[in-house]
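Residues per chain are reported as follows:
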Amino acid sequence: MDEQLLRQIVRQLKFLNFWIAFFGVIIIITLAATGLILFKIVTVANDSVKKFDSFQQQTSKSLNVKQQLCSDSSLSALLSSQTAFCK
């Protein structure tokens, strides 16, 4: 009777060990995939912010009308002689 009970307990422990290992591996894979996805999201967001800042700087340079008018020698001479725009 004791040997049969011992075999049954060993069989149940093997079954339980299998499921614990199975779900443990699934949890580890899920955590790794979640970490990778979060890393990719942060990287893409950071790149987007850098691109947006670069775009903003480029557009502010190209839309600076005063700087463009005053840097042109012929227009600068005309504007400085008639107004105090380029001073």
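For the structure itself, consult the block above.
Given the structure is predicted, the values throughout are model-derived calculations rather than measurements.

*Asks:* Is there a simple way to think about the overall build of the chain in this case?
*Replies:* Along the backbone of the chain there are 3 helices and 0 strands. Listed N to C, the secondary structure of the chain is α-α-α in terms of helices and strands. Here the chain, with 87 residues, has 1% of them falling under the buried criterion. Accessible surface for the chain amounts to roughly 8,000 Å². Of this, 68% is attributable to carbon and sulfur atoms.

*Asks:* Would you take a moment to explain the packing of aromatic side chains for this structure?
*Replies:* For any two aromatic rings, the description comes down to two numbers: the centre-to-centre distance and the angle of the planes. Within the structure shown, the criterion is met by 6 aromatic pairs. Centroid distance Phe 15 to Trp 19: 6.1 Å. Interplanar angle 75 degrees. Geometry classified as edge-to-face. Highlighted residues: Phe 15 and Trp 19, both in helix 1 (residues 2–62), separated by 4 residues, approximately one helical turn. Taking 5.2 Å as the distance between ring centres and 70 degrees as the angle between the ring planes, the aromatic pair formed by Phe 18 and Trp 19 counts as edge-to-face.

*Asks:* I keep staring at a nonpolar patch on the surface and nothing clicks. Help me out?
*Replies:* On the surface, a nonpolar cluster with roughly 610 Å² of combined accessible area is contributed by Phe 15, Phe 18, Trp 19, Phe 22, Phe 23 and Ile 26. Along the chain, Phe 23 turns up in helix 1. Note on Phe 23: relative accessible area 45%, which makes it partly exposed.

The rules behind the values
- Residues numbered from 1 in each chain as written.
- Predicted model: local features only at pLDDT ≥ 70, side-chain atom pairs only at ≥ 80, totals over all residues.
- Heavy atoms only, no water.
- Helix = DSSP H or I, 4+ residues; strand = E, 2+ residues; numbered from the N terminus.
- Buried < 20%, exposed > 50% of the residue type's maximum accessible area, 1.4 Å probe, protein only.
- Areas by Shrake-Rupley, 256 points an atom, 1.4 Å probe, with all protein chains shown as cover.
- Phe/Tyr/Trp six-rings, centres within 6.5 Å; stacked < 30°, edge-to-face > 60°.
- Patch = residues over 30% accessible without salt bridge, like charges linked within 9 Å, V, L, I, M, F, W, Y side chains within 5 Å.
- Salt bridge = Lys/Arg side-chain N within 4 Å of Asp/Glu carboxyl O.

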